[in-house]
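Inside the fold
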Amino acid sequence: HNTLNCDLLVQEFELDESSEEAVLLLSFRIKCDYQVEVRSPKLAILFSDGDQDRRFPVSIRSYYPEADFKQCVIFASARVRLPYLFTKPFSGNSIRIQFELIYGEETVFPVPFEIRSDVQPELEGFTVKFQPEKQQILMTPLHQEQAVEQGGIKSVVRGIFHWIHRILLAMLSVLLFPWFLLDALFALAGCTRQAPNIKPEHTSGMRFLLQVKYGYQGLWHRALGRDSIAEAVTAIYRVICLFCPVKKNRVTFMSSRRGDLTGNPEFVYQELKKDPNLQFRFLMKADPFFHMRLGNVLRFLYLYATSSVVMVDDFFQLLNYVEKRPQVRLIQLWHACGAFKTFGFSRIEKPGGPKQNSMNHRQYDYSIVSSQEIAKFYAEGFGVPQSHIAATGIPRTDIFMDAAYADRVRRSLYEKYPALEGKKVVLFAPTFRGNGQKTAYYPLHRFHPEKIVEESGGEYAVILKLHPFCRERFEIPEEYRDSIFDFSEESELNDLLFITDLLITDYSSAVFEASLLNIPMILYAFDLREYISQRDFYYEYESFVPGKIALTESQMLRAIRNGDFQTEKIEPFCRRFFDERDGHSTQRVANLVRSLLAAK
């Protein structure tokens, strides 16, 4: 779409003089047609040096209508750390800068812009040409930083001597421990300077311990601190790369989301294993701390260094510790369909968002998505070029086009839970609150499944399926044990959809899978305003979701009582987010893997 009347003024375009690195500061004022239903406009900067591209989200600082309510005014700004803009050094070409505005259902790209009169195209280390007539800015680096040589015998030797130094420091810190104890006693007696973190209210014992820590931690941290551990992992990885070649037929699946082969990895594996020449390896455990154990770290380093293709299905922290070998291809089999709530680098400057120098997700050679329309959002979220996003479809959705599979699942579930047969099933599957796996939770007091059973006179049974990250569980009263079931720790969510008559969720990507089966939905979004401010969505939530929105539990119950689910939204939603509904997504992903293996 490009029918929106839009005017963008670049108010600031300069380097941050207070920063030691090249940090580009930009600020904008945008005027466009006002639409009352738009609550969260989006502005993105698109950088390209000819070989690489990067979609960078801009923070919306304020947004309000003018007095006549015909236009709105948006103020936005961005702080771009140029050394981390691309994953590779600048190619030497000019960096082209363009802007994209998403305002409700309207998308303007490239956005026409003007430059404020006092903004000068002078940046230290760059030449800048403002080209409003071409709707772009050209920024040319005057010099290029050389990439640091990775691997090789020299780097291994340097790493060995580096760690000899670390070990000697660690030994020295042990030998000097009695001296630190004596120093703490002198400090308590007032003979030497006390540690700066000691306060008057501290007890003598606490002062003693803090003084020992103060004297000891500097030396010990240099020897075996967090940076030292990361350096050790890198050194080991380089040794493995030096002596272990990449095996052309090895395919490895890794996950910290699941401990067994389910979801997208299972579908892709089942298709690939038809080739008897392929060798498969697995490193899967639904526990990020498990992967930090020494044995698992070493196994990761070996498999990551020696596999031709590595596949993950979510964020995998160990990938950030080392640089991927050029011969290895890394594929993200992302667990979710569509593009719903923002993630990754789309959350820069938001709670829980990554820092710009983070390498989270940025090593992916390919990431699969369900439709071409959302490729740009995954490129933004992962911080990779859009060419690294493949609209193959999502493998685990193939089951929704398989009638025989659906019949088997229904029979199996009804045999295991006979109380469900003959009843209408409400599936409650919300997403989590919090900033990630370690802080995930759901406020159980906001949902009372027994009220749905009572409201329907026993016609409905309720299945509870909390997000895998959530640890809390509902307490089901004894009298409702035949009507309310907690499947949070069992059953694949997609399988449950085959017996679902109504899905209640909030911001979960389950709406995409449910749309493939044309299941009625209620979006129980009691904290919508808060969620938009903290997490936000790629689309306007209230005009985007394929069902009835309920902001309170009473509204949700009323919608159930009246059968008000707004099902007319489902089919257009499904067409938008699935390019293909042919049941062959797994085959397309497997063909992508085969093509990468054949290119070795």
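Residues numbered from 1 in each chain as written. Predicted model: local features only at pLDDT ≥ 70, side-chain atom pairs only at ≥ 80, totals over all residues. Heavy atoms only, no water.

In this section: the side chain of Arg-433. Within the secondary structure, Arg-433 is located in the loop between strand E18 (424-428) and helix H9 (449-455). A distance of 3.2 Å separates a polar side-chain atom of Arg-433 from the backbone oxygen of Thr-431. A polar contact of 2.6 Å, which involves the side chain of Arg-433, links it to the side chain of Asp-506. When sequence neighbours within four positions are dropped, the list of residues in contact with Arg-433 reads Thr-439, Ala-440, Tyr-441, Tyr-442, Asp-506, Tyr-507, Phe-526 and Asp-527. (Helix = DSSP H or I, 4+ residues; strand = E, 2+ residues; numbered from the N terminus. Polar contact = N/O pair within 3.5 Å; in protein donor to acceptor, adjacent residues only side chain to side chain. Contact = heavy atoms within 4.5 Å.)

Next up on the list: the sheet that holds strand E16 (residues 366-368). Strand order in the open sheet formed by 6 strands is E13-E12-E14-E15-E16-E17, and the pairing between neighbours is parallel. Edge positions in the sheet fall to strand E13 (279-284) and strand E17 (389-390), since each has one partner strand and no second. Across the sheet, helix H6 (residues 294-306) lies against strand E12 (247-255), E13, strand E14 (307-312) and strand E15 (329-332), angled at about 140° from E12, the strand it touches most. Strands in contact with helix H16 (residues 585-598) are E12, E14, E15, E16 and E17; relative to E14, the strand with the most contacts, it is inclined by about 155°. (Pairing = 2+ DSSP bridges. Axes fitted to C-alpha atoms, helices over the stretch in contact; angles between N-to-C directions.)

With that out of the way, let us pick up the nonpolar core. One broad rule of soluble globular proteins: the nonpolar side chains tend to lie buried together. Of all hydrophobic cores here, the largest spans 101 residues; its most connected members are Phe-300, Met-311 and Tyr-541. If one sorts the elements of this core by residue count, H6 sits on top with 6 residues. Excluding residues within four positions of it along the chain, Met-311 makes contact with Val-251, Thr-252, Phe-253, Met-254, Val-268, Leu-272, Ile-331, Leu-333 and Val-593. Counting residues in hydrophobic clusters, the runner-up holds 43 residues, among them Leu-4, Val-111, Phe-126 and Phe-345. (Core = buried A, V, L, I, M, F, W, Y, C linked by side-chain atoms within 4.5 Å. Buried < 20%, exposed > 50% of the residue type's maximum accessible area, 1.4 Å probe, protein only.)

This paragraph deals with the pairing of strand E3 (residues 42-48). Across the 7 residues that make up E3, a large majority, 6, are buried. In this structure, E3 lies alongside strand E6 (residues 95-103), joined through 7 bridges in antiparallel fashion. In the strand pairing of E6, Ala-44 is matched with Glu-100. The sheet contact formed by E3 and strand E4 (residues 53-65) spans 6 bridges and is antiparallel.

The next thing to look at is the packing of helix H5 (residues 263-272) against H16. It is the contact of H5 with H16, at a shortest axis distance of 9 Å, that shows an interaxial angle of 65°. Once H5 is placed against H16, the crossing between them reads as right-handed. Of the residues in H16, those touching H5 at Phe-267, Val-268, Glu-271 and Leu-272 are Thr-586, Val-589, Ala-590, Val-593 and Arg-594. (Left-handed = near helix turned anticlockwise from the far one by under 90°.)

Moving on: the environment of Leu-596. Here Leu-596 lies in helix H16. The exposure class of Leu-596 is buried, given its relative accessible area of 11%. Residues Leu-596 and Asp-7, spaced 589 residues apart in sequence, show a C-alpha to C-alpha distance of 44 Å. In contact with Leu-596, other than residues within four places in its own chain, are Val-309, Arg-329, Ile-331 and Tyr-366.

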